Amino acid sequence: MAIQISPSILSADFARLADEAAAVSPSADWLHVDVMDNHFVPNLTLGLPIVESLLKAASTPLDCHLMIEDPDRWAPAYAEAGAGSVTIHAKAANAPVRTLREIRRLGARAGLALNPAEPVEPYEDLIGEMDMLLLMTVEPGFGGQRFLDIVLPKIRKARELLDNRQSSVWLQVDGGVSAETIERAAEAGADVFVAGSAVYGAQDPAAAVDTLRSLAAKASPLA
């Protein structure tokens with residue numbers, strides 16, 4: 001599987017989102033959009049109107065990560081608006097199968113996210129309902145946190161479960177991904193990497209994406 005990099009605009013300049021999206025478009029596979037509601041996580045970021053505006057301005061497909069309560073109600077609207085990928089948190093969803101299927105029906109890739117303390121095994125039977133499994137490598141809610149190495153065994157377990165099923169589901173990690181940590185996550189089996197400050201804190205964001213991709217590809221057993 002090809003290594004993919006999804007820069008997070010949570011670390012971008014919100015006053016210049018169109019420009020910040022363009023800054024990574026030569027290199028990025030996705031543009032990661034963290035939607036937070038100050039209920040499911042203790043932070044408030046942006047919502048559907050901003051996503052709709054970004055869709056008009058960005059050439060890179062949007063990877064919308066919904067850290068919100070009641071994603072069963074709200075997630076389909078992001079797919080309907082044109083997001084390329086919509087991820088919901090298993091802990092927040094009351095009807096995850098129905099919601100994942102609705103996201104797919106509306107034309108987006110469907111993702112399921114797990115927080116660091118949530119084991120992956122209870123969701124093994126849902127693998128066929130998703131296009132991406134997101135394992136948080138920090139506690140969700142804020143950017144700039146340190147990568148949690150305690151999640152590495154879970155990444156390996158998730159990779160084992162996906163490989164045993166010969167699944168094409170992508171395995172994404174989000175939180176603390178940088179040039180210092182991406183190789184560990186790639187070696188464990190992740191193939192899609194969300195990076196915020198490591199990209200937008202760099203002098204050349206597009207070059208930072210290229211560097212992260214190269215490091216992950218060298219460490220990945222999937223390459």
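Please refer to the structure higher up on the page.
Conventions used here
Residues numbered from 1 in each chain as written. Predicted model: local features only at pLDDT ≥ 70, side-chain atom pairs only at ≥ 80, totals over all residues. Heavy atoms only, no water. Core = buried A, V, L, I, M, F, W, Y, C linked by side-chain atoms within 4.5 Å. Buried < 20%, exposed > 50% of the residue type's maximum accessible area, 1.4 Å probe, protein only. Helix = DSSP H or I, 4+ residues; strand = E, 2+ residues; numbered from the N terminus. Contact = heavy atoms within 4.5 Å. Axes fitted to C-alpha atoms, helices over the stretch in contact; angles between N-to-C directions. Parallel < 35°, antiparallel > 145°, perpendicular 65-115°, else oblique. Nonpolar A, V, L, I, M, F, W, Y, C, P; charged D, E, K, R; others polar. Arc of directions from axis to C-beta. Phe/Tyr/Trp six-rings, centres within 6.5 Å; stacked < 30°, edge-to-face > 60°. Lys NZ or Arg CZ within 6 Å of the ring centre and 35° of its normal. Salt bridge = Lys/Arg side-chain N within 4 Å of Asp/Glu carboxyl O.

Draft legend 1. Broad picture of the nonpolar core. Core analysis: the largest hydrophobic core is formed by 63 residues, its most contacted members being I9, L31, V33, V86, L133, I155 and F193. For this core, the element with the most residues is helix α5 (residues 152-164), which contributes five residues. In contact with I9, other than residues within four places in its own chain, are F14, L17, L31, H32, V33, L46, L54 and Y200.

Draft legend 2. How the structure looks around the packing of helix α3 (residues 71-81) against helix α4 (residues 96-105). Contact pair α3 / α4: the axes reach a minimum separation of 9 Å and the direction vectors enclose 10°. One element, α3, and the other, α4, form an angle in the roughly parallel class. Between α3 and α4, the contacting residues are P71, D72, A75, P76 and A79 on the first element and P96, T99, E102 and I103 on the second. Of the residues that constitute the contact of α3 with α4, the class distribution is six nonpolar, one polar and two charged.

Draft legend 3. The environment of P119, seen in detail. Along the chain, the position of P119 falls in the loop between β5 (109-114) and β6 (132-136). Judged by its relative accessible area of 42%, P119 is partly exposed. Beyond its immediate sequence surroundings of up to four residues, P119 is in contact with L114 and K154.

Draft legend 4. Molecular detail of helix α1 (residues 17-24). For α1, the complete set of buried residues consists of L17, E20, A21 and V24. An end-on view of α1 places all buried positions within 100° of arc, on one side of the element. At its buried positions, α1 is contacted by β1 (4-7), β2 (31-36), α2 (48-57), α7 (197-200) and α8 (205-219).

Draft legend 5. Looking closely at the side chain of S178. Within the secondary structure layout, S178 lies in the loop between β7 (170-174) and α6 (182-188). If near-sequence neighbours (up to four positions away) are discounted, S178 is found in contact with A198 and L212.

Draft legend 6. Looking closely at the packing of aromatic side chains. Counted by the stated rule, this structure contains one aromatic pair. Between W30 and W170 the ring centres are 6.0 Å apart and the planes differ by 70°, which places this aromatic pair in the edge-to-face class. A residue pair is termed long-range when its members are at least 10 positions apart, and W30 in the loop between α1 and β2 and W170 in strand β7 qualify at 140 residues. With respect to class, W30 is no different from W170; both count as buried. Note that R109 overlies the ring of W170, its terminal NZ or CZ placed 3.5 Å from the centroid.

Draft legend 7. Structural view of the pattern of salt bridges. Across all of its chains, the model carries 12 salt bridges by this definition. The partner of D125 in a salt bridge is R165, and the shortest N-O contact between them spans 3.5 Å. Here the residue D125 occupies a position in the loop between β5 and β6, and R165 occupies one in the loop between α5 and β7, the gap between them amounting to 40 residues. When its relative accessible area of 66% is taken as the criterion, D125 is described as exposed. With a relative accessible area of 40%, R165 lands in the partly exposed category. Overlapping salt bridges bring together R16, D19 and E20 as one network.

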